[in-house]
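What the coordinates show
Here's the letter readout for the chains.
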Amino acid sequence: MGELRLMKGNEVIAIAAIRCGGDAYFGYPITPQSEVMETLMAERPWEDTGMVVLQAESEIASINMVYGAAGCGKRVMTSSSSPGISLMAEGISYMAGSELPCVIVNVQRGGPGLGTIQPSQADYNQATKGGGHGDYSLLVLAPASVQEMHDFVVLGFELAFKYRNPVMILADGVIGQLMEKVKLIDQRPRWTNEQIAEISGSWITVGKSKNRKKHVITSLEMDSSIMEGNNLRLQEKYNRMKAEEVRFEAIECDDAEYILVAFGSAARICQKTVQIARKKGVKVGLIRPITLFPFPEKIISEYATKVKGFLSVEFNAGQMVNDIRLAVNGKTRVEYFGRMGGIIPPPDEVEVALHQKLIKG
Amino acid sequence: MSVLADRIKEIIKPENLVYAKSPVLNDDIMHYCPGCSHGVVHRLIAEVIDEMGIQDQTIGVSPVGCSVFAYKYIDIDWQEAAHGRAPAVATGIKRVLPDKYVFSYQGDGDLAAIGTAETFHAVNRGENIVMIFINNAIYGMTGGQMAPTTLVGQITSTTPYGRNVDLNGYPLKITELLAQLPGAAYVTRQSVQNPAAVRKAKKAIRKAFEVQALKKGTAFVEVVSTCSSGWKLNPVDSNKWMEENMFPQYPLGDLKDSSRADADLYRIKG
Amino acid sequence: MAKVRGAVIVDTEVCKGCNLCVVACPTQTLALNRNVNNKGYHYSYMENPENCTGCTNCSAVCPDSCITVYRAKIE
Ligand SMILES: Cc1ncc(C[n+]2csc(CCOP(=O)(O)OP(=O)(O)O)c2C)c(N)n1
Ligand code: SF4
Ligand code: SF4
Ligand code: SF4
Ligand SMILES: [Mg+2]
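Scope of this entry: the structure provided in the associated data block. These figures come from a predicted structure and were not determined experimentally.

Observations regarding the overall build of chain C
Counting secondary structure elements, chain C contains two helices and four strands. A compact globule built from 75 residues would reach a C-alpha radius of gyration of about 11 Å, and chain C, at 12 Å, matches this within 12%. Looking at chain C as a whole, 56% of its 75 residues qualify as buried. In chain C, 7 positive and 6 negative side-chain charges are present, and the distance between their average locations comes to 4 Å.

Dropping the structure here:
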């Protein structure tokens with residue numbers, strides 16, 4: 001039980017997709033995550049579990065293939081990196097609007113534009129604030145280890161079906177390329193038609209039997225009052241996510257005077273920064289949001305009355321810092337430190353920033 | 001008069017019924033303009049599904065265009081795709097449900113402009129799906145703008161002085177291009193402007209579904225169609241205009257009738 | 001000698017008066033009515049019912065599937 005392996009983050013995404021009983025993967029190559037599809041193609045899961053793996057002609061096609069297969073009640077996923085996710089934005093909005101479950105992995109690279117293939121966290125806003133058109137939210141999970149790359153595929157499918165909503169795993173090039181020990185789940189069977197009927201029988205398009213009404217997967221509604229109702233239902237769902245799905249890790253926060261907030265690979269670095277600072281006698285803690293949507297605003301607002309300040313550490317120009325400010329609501333200082341363009345600052349650089357921006361400043 | 005009425009009553013009896021609306025079409029009144037070809041093609045698809053007895057095994061994919069609401073009328077399971085993406089959506093469905101019947105239904109803007117890539121690659125992969133293509137040489141839904149299939153000189157709201165090749169390029173004969181692809185099994189161009197054409201078109205649609213059952217590759221049916229609103233003609237004159245102007249550019253008939261190509265023709269030597 | 005006779009029923013509320021069936025009818029059975037239906041369309045009807053042969057040409061071209069056709073051999 002629980003095979004231990006040394007694997008790359010990207011590879012483990014593929015293995016977890018197969019082992020959790022995934023039905024299909026559709027994708028298009030892009031650095032730094034091409035290993036996901038390469039691993040799947042090498043594993044040939046269609047011969048063992050029957051999982052479909054298909055290289056599409058673009059990310060636009062990938063996400064729409066995901067749409068089609070998800071509409072049949074299947075567990076379907078895709079992966080890409082920043083420019084590819086931009087191309088998927090329309091399809092993701094359609095999936096959110098049609099309430100289709102799926103898992104989308106974004107192994108972020110630096111932008112804007114073609115940017116760089118080096119790691120980045122610059123798609124935080126895109127992932128958490130929509131990215132496509134319309135009022136919708138994705139459930140966003142931010143892995144900080146290879147183990148979490150694995151676990152969040154499994155969790156992602158659970159949440160996607162619990163809420164009938166796309167789930168995004170917002171990783172970055174560091175976690176994707178990182179090699180670590182990982183405990184794999186045992187192979188689970190794919191859902192049978194009977195199980196699919198039991199779980200999603202009220203809405204899937206699999207051919208309508210004589211005694212049931214036709215099912216239609218659509219986000220279209222011309223009647224404004226019904227459309228507003230559809231939107232309210234979506235918002236109610238997002239509120240349920242906010243109430244039930246917030247996940248975070250609080251490290252050495254109990255006695256902290258300053259708290260770093262960081263997700264993904266930035267959190268790994270900040271964990272070291274906490275150790276360095278504490279050795280010097282500065283009481284620093286770390287809050288690592290695991291769900292970026294829903295954002296762990298409650299814990300942050302609770303600490304806001306206890307600490308002298310928060311430092312948001314992000315590999316972007318300062319995106320999550322705005323969510324922290326909303327949670328803190330003026331009760332204490334909130335500063336940002338980050339690097340861009342694929343530069344990953346070492347822990348002591350973060351510690352220096354903490355001094356300059358919060359402790360001294 | 002009452003003699004005549006009695007005679008009609010004699011004829012209108014269940015045992016004398018020769019044509020009634022297919023039970024696979026439901027009772028919603030279609031939103032299409034009077035005379036719109038979309039309605040005829042919907043009916044033919046419904047009749048084929050009914051006659052093949054595959055209502056419970058068929059999933060349709062509707063486009064963005066006037067036929068976005070196709071799902072309201074044909075009583076089967078449907079997915080409504082984003083503009084141009086129906087072939088990708090149909091691919092996703094077919095790949096996870098390979099034994100079901102899956103078809104996409106698209107207009108010329110949807111299939112041959114914004115969705116060209118999805119169209120080409122679905123056919124090139126030889127997806128075992130049916131693709132129905134309504135070529136009315138115009139964007140009906142958005143109010144009659146130029147389509148890739150708009151004819152040279154044809155007036156639309158975005159070519160108010162007629163399509164000009166220097167500015168807009170040429171009418172896209174996408175069906176001819178698709179017929180070249182090794183994944184295509186059956187490619188045909190039909191129309192529905194008179195009873196004989198309708199009967200032929202129905203046979204073609206039926207054949208396309210049969211090709212899908214045999215998993216021979218993609219079955220592609222273009223229907224050269226009218227859009228009386230976009231063309232600003234009445235339905236009868238639209239048919240005449242279509243015969244005079246569309247048919248020379250988009251000649252009717254089968255373009256391909258085989259099955260997807262043998263992979264060995266394309267295989268590396270070493 | 002037995003004669004083939006036909007008759008059609010037009011669902012007048014579904015008819016949009018497009019005239020395609022009138023043109024398609026080989027026996028000039030159909031015409032658009034002077035009256036309109038609730039949607040304001042001049043619906044199709046059998047102006048010359050004695051002409052109908054039940055050939056189904058009209059129902060074949062009708063975009064709105066509103067024509068039902070009957071055919072019988074009358075002695
Ligand atoms: C991404 C996107 N761009 C543009 C549109 C607007 N739009 C809706 S339908 C359409 C063209 C439809 O034309 P066609 O596919 O020929 O269908 P028809 O209405 O003629 O049957 C356009 C441009 C849209 N819905 N989505
Ligand atoms: S605008 Fe054209 S294509 Fe659309 S319903 Fe009217 S006639 Fe048909
Ligand atoms: S069935 Fe034939 S003859 Fe009778 S009305 Fe229709 S087209 Fe005319
Ligand atoms: S073809 Fe159909 S809709 Fe058109 S006039 Fe005749 S009955 Fe009415
Ligand atoms: Mg069109």
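Let's talk about the coordination of the magnesium ion (ligand 5)
Residues and elements named next belong to chain B. Donor atoms from the polypeptide that bind the magnesium ion (ligand 5) are Asp 108 (OD), Asn 136 (OD1) and Ile 138 (O), placed at 2.1 to 2.4 Å. In the primary sequence, the donor residues of the magnesium ion (ligand 5) line up as D-x27-N-x1-I. Neither Asn 136 nor Ile 138 differs from the other in exposure class; each is buried.

A word on the nonpolar core
What tends to happen in soluble globular proteins is that the nonpolar side chains get buried as a cluster. Residues and elements named next belong to chain A. The biggest cluster of nonpolar side chains holds 126 residues, and the ones touching the most others in it are Ile 300 and Phe 310. It is helix α7 (residues 146–163) that contributes the most residues to this core, eleven residues altogether. Shared between two domains, this core takes at least three residues from each, and those domains are domain 1 (3–184) and domain 2 (248–359).

Digging into the site of ligand 1
The environment of ligand 1 is formed by 17 residues, the closest being His38(B), Cys66(B), Asp108(B), Asp110(B) and Gly140(B). Around ligand 1, the nearby residues trace back to chains A and B. Contact distances for ligand 1 include 2.4 Å between an oxygen atom and a side-chain N or O atom of Asp108(B). Contacts to ligand 1 include Met141(B), whose backbone N or O atom sits 2.9 Å from an oxygen atom. Across the complex, the protein chains shield 76% of the 590 Å² of accessible surface that ligand 1 would expose by itself. Examining the composition of the shell around ligand 1, we find that four residues originate from one element, helix α5 (residues 108–114) of chain B, more than from any other.

Let's talk about the environment of Gly229(A)
Its location among the elements puts Gly229(A) in helix α10 (residues 224–244). Remark: the alpha-carbon pair of Gly229(A) and Ser82(A), spanning 147 residues in sequence, is separated by 33 Å.

A look at the sheet that holds strand β9 (residues 216–217) of chain A
The pairing of strands in a sheet happens through backbone hydrogen bonds and is either parallel or antiparallel. On the basis of which strands lie adjacent, the open sheet formed by eight strands has the order β9(A)-β3(B)-β2(B)-β4(B)-β5(B)-β7(B)-β6(B)-β8(B) and mixed pairing. For this open sheet the edge positions go to β9 of chain A together with β8 (253–257) of chain B, each flanked by a neighbour on one side alone. Sheet analysis places strand β2 (residues 58–62) of chain B next to strand β4 (residues 101–107) of chain B, joined by four bridges and oriented parallel. When the sheet's bridge partners are listed, Gly60(B) is paired in β4(B) with Phe103(B). Each of β2, β4, β5 (130–135), β6 (184–191), β7 (218–224) and β8 of chain B is contacted by helix α9 (residues 195–213) of chain B, which is oriented at about 165 degrees to β6(B), the strand it contacts most.

Looking at unusual backbone geometry
Backbone torsion omega between Thr31(A) and Pro32(A) reads 5 degrees, so that peptide bond is classified as cis. The topology assignment puts Pro32(A) in the loop between β2 (24–27) and α2 (35–43). Residue Phe293(A) is joined to Pro294(A) through a cis peptide bond whose omega torsion reads -5 degrees. Residue placement: Pro294(A) occurs in the loop between β13 (291–293) and α12 (297–304). Located in the positive-phi region is Arg44(A), a residue other than glycine, with phi close to 50 degrees. Among the secondary structure elements, Arg44(A) is positioned in the loop between α2 and α3 (45–48). Not every positive phi belongs to a glycine, and Lys232(B) is a case in point at roughly 60 degrees. Turning to its location among the elements, Lys232(B) is positioned in the loop between α10 (228–231) and α11 (235–249).

Reading guide: rules and limits
- Residues numbered from 1 in each chain as written.
- Chains lettered and ligands numbered in written order.
- Predicted model: local features only at pLDDT ≥ 70, side-chain atom pairs only at ≥ 80, totals over all residues.
- Heavy atoms only, no water.
- Helix = DSSP H or I, 4+ residues; strand = E, 2+ residues; numbered from the N terminus.
- Rg over C-alpha atoms; globule rule 2.2 N^0.38 Å.
- Buried < 20%, exposed > 50% of the residue type's maximum accessible area, 1.4 Å probe, protein only.
- Lys, Arg positive; Asp, Glu negative; His and termini not counted.
- Charge placed at Lys NZ, Arg CZ, Asp CG, Glu CD.
- Donors = N, O, S within 2.8 Å, 3.2 Å for Na, K, Ca; no water.
- Core = buried A, V, L, I, M, F, W, Y, C linked by side-chain atoms within 4.5 Å.
- Domains from an automatic or database assignment.
- Near = heavy atom within 4 Å.
- Polar contact = N/O pair within 3.5 Å; in protein donor to acceptor, adjacent residues only side chain to side chain.
- Areas by Shrake-Rupley, 256 points an atom, 1.4 Å probe, with all protein chains shown as cover.
- Pairing = 2+ DSSP bridges.
- Contact = heavy atoms within 4.5 Å.
- Axes fitted to C-alpha atoms, helices over the stretch in contact; angles between N-to-C directions.

Taken by themselves, the reported measurements are silent on function.
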